[in-house]
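What follows is each chain in one-letter form.
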Amino acid sequence: QATSRIRWGGDRTDMHIAEFIFLERVVVHQQVGSKKRALELVSGLIAAARPNLVETEIFDCLVARERLGSTGIGHGIAIPHGRLQTIDRPIGAFAALDKGVNFDALDGKPVDLVCALLVPEKSTEEHLQILATLAALFGDERLREQLRRAASAAEAYALLSGDGLAPLRQAAPL
């Protein structure tokens, strides 16, 4: 079974996915018609988290990475990601879409689950570790289906954070 724990550098040995994706940055049943709109959606969620973040800067960062190759990893999952100078720790957002959009995914299937990730510019190794862990997490077919059926952001967040039905943490923005 996949785990929501992620190895991280510094004096930390790991971090929980809930340390960079908070309930406020999780949405479900979103209607977007394109990859661009999906990236705008998650960019807006991330930008709303911190006053020093600019939505267009986040969007441009994610689009620049997409130009190198799609972050659609298959099974309806995309993990758009990038690095920003203006952050000092990972920050992310999750969106479940009502209908899949063309993301040029590896398997050619439309994407309906989008997990965006930004890391500090110099966090190359940690960035790769987080991406690998997220890919493994979303490799769990049961989790993917539960996320697609989630009736609320709170339910999706509980699934992502591994909390099940435990009370959800309402964390203050970073």
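The rules behind each value
Residues numbered from 1 in each chain as written. Predicted model: local features only at pLDDT ≥ 70, side-chain atom pairs only at ≥ 80, totals over all residues. Heavy atoms only, no water. Salt bridge = Lys/Arg side-chain N within 4 Å of Asp/Glu carboxyl O. Helix = DSSP H or I, 4+ residues; strand = E, 2+ residues; numbered from the N terminus. Buried < 20%, exposed > 50% of the residue type's maximum accessible area, 1.4 Å probe, protein only.

1. Quick notes on the pattern of salt bridges
And then number 1: The tally for this structure, following the rule as stated, stands at 7 salt bridges.
And then number 2: With a closest N to O distance of 2.9 Å, Glu66 and Lys35 form a salt bridge. One end of the pair, Glu66, is in helix α2 (residues 55–68); the other, Lys35, is in helix α1 (residues 35–47), with 31 residues separating them in the sequence.
And then number 3: In this structure, Arg148 and Glu145 form a salt bridge, with 2.9 Å as the shortest nitrogen-oxygen distance. Within this pair, Arg148 and its partner Glu145 are both found in helix α4 (residues 141–149), separated by 3 residues, close to a single helical turn.
And then number 4: Glu145 sits in the partly exposed class, given a relative accessible area of 33%.
And then number 5: Where salt bridges share partners, they join Lys35, Glu66 and Asp104 into one cluster.

2. Section: unusual backbone geometry
And then number 1: You will see that His29, though not glycine, has its phi angle at about 55°, which is positive.
And then number 2: Here His29 shows up in strand β3 (residues 26–30).
And then number 3: Note on His29: relative accessible area 42%, which makes it partly exposed.
And then number 4: Phi at His75 is positive, roughly 60°, even though this residue is not glycine.
And then number 5: With respect to the helices and strands, His75 occurs in the loop between β4 (72–74) and β5 (77–78).
And then number 6: Classification of His75 by relative accessible area gives partly exposed; the value is 49%.

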